[in-house]
Amino acid sequence: MQETKKMNKITVLGAGAWGTAVAIAVAARHDVLLWGRNAEQMAATAAARENTTYLPGQPLPDSLRVTADFEQALSHVLDAGPDALLIAACPVAGLRPLLEQLKGRKIPNVVWLCKGFEYGTGLLPHQVVREVLGESVPGAALSGPSFAQEVARGLPCALAVASTSKQLRDSVVATVHGGNLRVYACDDVIGVEVGGAVKNVLAIATGTADGLGLGLNARAALITRGLAEITRLGMALGGQPGTFMGLTGMGDLILTCTGDLSRNRRVGLALAQGKPLATIVAELGHVAEGVPCSKAVRDLAAKLGVDMPITNAVAAVLFDGYDAAEMAKQLLARDPRNELI
C-alpha cells in the first residue's frame, strides 16, 4: 500500500506553457500558487480557469490559484518549512532578472526548469543561481523529456532532479513524484543541464534535415552524432558520462528531435523552407531556447576546444546567413573519423 504523501506549499514563478503544466501536475496533491508577471494575462487565466495564451485547452484544477502579485507568490512559501518549493519556470534569459528579485529573501530553496546557457556569460543555470543568490540557498534543476501539453493532460512522464544537496533532491522527489509523473534523483547538475541545453540545438538540426527531405537515416545519424557532441561538451565541463545516456541526455534529445510538439524542431522545419529567423520566431509565439543557445554553445565549444560540427552548422544558418541545404552538404563532406567520443 503506497504511503500517503503530505501536502506541501509550492510557488511556480512563471506562467508560460511549462510552468503552467508543472503547476497543474502537482496541484492535485499540493497547495500550489502560480505567478505570472502579466497582470492582464493572469486575470484572464483566473477567470477562464485556463491559460489561453500559452496552454490553451488545458483546464486548471480548482485547487490551483494564480496571481500576478509577486509578494503574495513569495509569501506562500517563505515560512512554509524546508519542504516548500520555489520553482523558477522562466526561460534562461529571464532567470537572472527573476533571481535578482529573490536576493535578500529567506527563501527555502529554488528549483529551476529552464534549459540552456546564458548568452553573453556562457553560464549554466546553476552557475547563474550561485552567482546571484550565493551558496547558502539550496538549488536543483528539474529536467527531462517532457512536453508541457502532455504533462498538463496527465500523460506519463519521467524527469530527473539534479542537485548537490541530497536533502533537496529527496524533497523534490517526495513532493513531485506521483501519479503519472516519475522523478529520479541525480547529483550531476552539470551533466543534466548540458543535456537539456544542447538537445534544443540538435532539434533545430533534425527539424531542418527533415524539412529538407533528407530521410530517416539522416535523422538517426544527427541524433546519434548529436549525442556525441552533448557528451563531449558535458565532459569538458565536468559532467559524468553516464548522465548523457539517461533521461536528460539521450531521453530528452530523442523526444525533442522527433516530437511534433517540439518548438525547436519546428524552427528547423521553417529554416528548411527558407524562412528568415525573425519570421520564424514571430510565428512560433513561444521561446525556442535552441536559437540563442546555439550561439552560446558555439562560442563555449570554441573556447574549450570541443568539436561540435552540428551545433556550429545550426548557428551558422541561424546567425551567419548560411543556407541550410549547403550546410547539410558540408556536414556530409567532412572527413571520416573514429566514432568514439
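What you are looking at is a predicted structure, and each value in this text was computed from that prediction instead of being measured.

A. Local environment of the sheet that holds strand 7 (residues 157-162). If you trace the 8 strands from one edge of the open sheet to the other, you get 3-2-1-4-5-6-7-8, paired in mixed fashion. Looking at strand neighbours, the two that pair on one side only are strand 3 (65-67) and strand 8 (181-186), the edges of this open sheet. Shown here is a sheet whose adjacent strand axes are inclined to one another by a mean of 25 degrees, direction ignored. Pairing between strand 2 (residues 31-35) and strand 3: 3 bridges, direction parallel.

B. Local environment of the pairing of strand 1 (residues 9-13). Within strand 1, 4 of the 5 residues are buried, which leaves it mostly tucked inside the rest of the structure. Relative to strand 2, strand 1 runs parallel, the two being bridged by 5 bridges. The residue of strand 2 that forms the bridge with L13 is W35. As judged from the 4 bridges shared by strand 1 and strand 4 (residues 85-88), these two strands associate in the parallel manner. Its bridge partner lying in strand 4, T11 is registered against L86.

C. Local environment of the layout of surface pockets. Looking at the largest pocket, its volume works out to about 1,000 Å³. In terms of lining residues, the largest pocket is bounded by 42 residues, among which G16, A17, W18, R263 and V287 are the most central. For the lining of the largest pocket, the per-class residue count stands at 20 nonpolar, 15 polar and 7 charged. The residues that make up the lining of the largest pocket include at least three from each of domain 1 (9-187) and domain 2 (190-333). There is about 690 Å³ of room inside the second largest pocket. Surrounding the second largest pocket, 30 residues form its lining, L222, I310, A328, L331 and L332 being those nearest its centre. At the level of secondary structure, the elements contributing two or more residues to the lining of the second largest pocket comprise helix 8 (189-211), helix 9 (216-236), helix 14 (309-319) and helix 15 (324-332). Of the residues belonging to the lining of the second largest pocket, the class tally is 21 nonpolar, 1 polar and 8 charged.

D. Structural context of the UniProt feature "binding site: substrate" (unreviewed entry) in the protein chain. UniProt tags K115, R263 and N264 as "binding site: substrate" (unreviewed entry). These annotated residues cover 150 residues of sequence, and their C-alpha atoms lie no more than 13.3 Å from one another, placing them together at a single site. Cross-referencing the annotated residues with the largest cavity identifies K115 as lining it. Within the secondary structure, R263 is located in helix 11 (residues 263-272). The partly exposed category is assigned to R263, whose relative accessible area is 31%. Ignoring sequence-local partners within four residues, the contact set of R263 consists of L284, H286 and V287.

E. Geometry of the domain arrangement of the protein chain. One can read the domain layout of the protein chain as domain 1 (9-187) and domain 2 (190-333). Distance between the C-alpha centres of domain 1 and domain 2: 25 Å. With 27 residues of domain 1 in contact, the opposing surface of domain 2 contributes 31 residues. Counting the surface domain 1 buries against domain 2, the share from its top three residues, F117, Y119 and F147, is 32%. Taken together, the links from domain 1 to domain 2 amount to 1 salt bridge. Of the charged contacts, one joins K115 and D252 as a salt bridge, the two residues approaching to 2.7 Å between their closest N and O atoms. Where domain 1 packs against domain 2, one counts 5 residue pairs in polar contact (both at pLDDT 80 or more). Every element with two or more residues in the side of domain 1 that touches domain 2 is listed here: helix 5 (125-133), strand 6 (139-143), helix 6 (148-152), strand 7 and strand 8. The biggest single contributor to the side of domain 1 that touches domain 2 is strand 7, with 4 residues. Residue composition of the side of domain 1 that touches domain 2, grouped by class: 17 nonpolar, 7 polar and 3 charged.

F. Molecular detail of the pairing of strand 4. Where burial is concerned, the two faces of strand 4 agree: the one with L85 and I87 and the one with L86 and A88 are both buried. Bridging between strand 4 and strand 5 (residues 110-112) involves 2 bridges; their strand directions are parallel. When the sheet's bridge partners are listed, I87 is paired in strand 5 with V111.

G. Structural detail: helix 3 (residues 70-78). Turning to helix 3, its buried residues are F70, A73, L74, H76 and V77. Looking down the long axis of helix 3, one finds its buried residues gathered within 150 degrees of arc, a one-sided arrangement. Residues of helix 3 that are buried in the fold lie against strand 1, strand 2, strand 3, strand 4 and helix 4 (92-100). The N-terminus of helix 3 is capped by D69, whose side-chain oxygen sits 3.0 Å from the backbone nitrogen of E71.

H. Main features of the packing of aromatic side chains. Taken as a whole and judged by the stated rule, the model has 1 aromatic pair. Centroid distance W35 to F70: 5.2 Å. Interplanar angle 75 degrees. Geometry classified as edge-to-face. Taken as a pair, W35 in strand 2 and F70 in helix 3 lie far apart in primary sequence, 35 residues in all. The pair W35 / F70 is uniform in exposure class, with both members buried. Against the face of F319 rests K295, its NZ or CZ located 4.2 Å from the ring centre.

About the criteria used
- Residues numbered from 1 in each chain as written.
- Predicted model: local features only at pLDDT ≥ 70, side-chain atom pairs only at ≥ 80, totals over all residues.
- Heavy atoms only, no water.
- Pairing = 2+ DSSP bridges.
- Helix = DSSP H or I, 4+ residues; strand = E, 2+ residues; numbered from the N terminus.
- Axes fitted to C-alpha atoms, helices over the stretch in contact; angles between N-to-C directions.
- Buried < 20%, exposed > 50% of the residue type's maximum accessible area, 1.4 Å probe, protein only.
- 1 Å grid on protein atoms, 1.4 Å probe; cavity = no way out; pocket = protein on both sides within 12 Å on 5 of 7 lines; lining within 4 Å.
- Points joined across faces, edges and corners; volume = space filled by probe spheres on them.
- Nonpolar A, V, L, I, M, F, W, Y, C, P; charged D, E, K, R; others polar.
- Domains from an automatic or database assignment.
- UniProt positions renumbered as here; feature names shortened; annotations may be inferred.
- Contact = heavy atoms within 4.5 Å.
- Buried area = accessible area lost by both parts, 1.4 Å probe.
- Salt bridge = Lys/Arg side-chain N within 4 Å of Asp/Glu carboxyl O.
- Polar contact = N/O pair within 3.5 Å; in protein donor to acceptor, adjacent residues only side chain to side chain.
- Arc of directions from axis to C-beta.
- Phe/Tyr/Trp six-rings, centres within 6.5 Å; stacked < 30°, edge-to-face > 60°.
- Lys NZ or Arg CZ within 6 Å of the ring centre and 35° of its normal.

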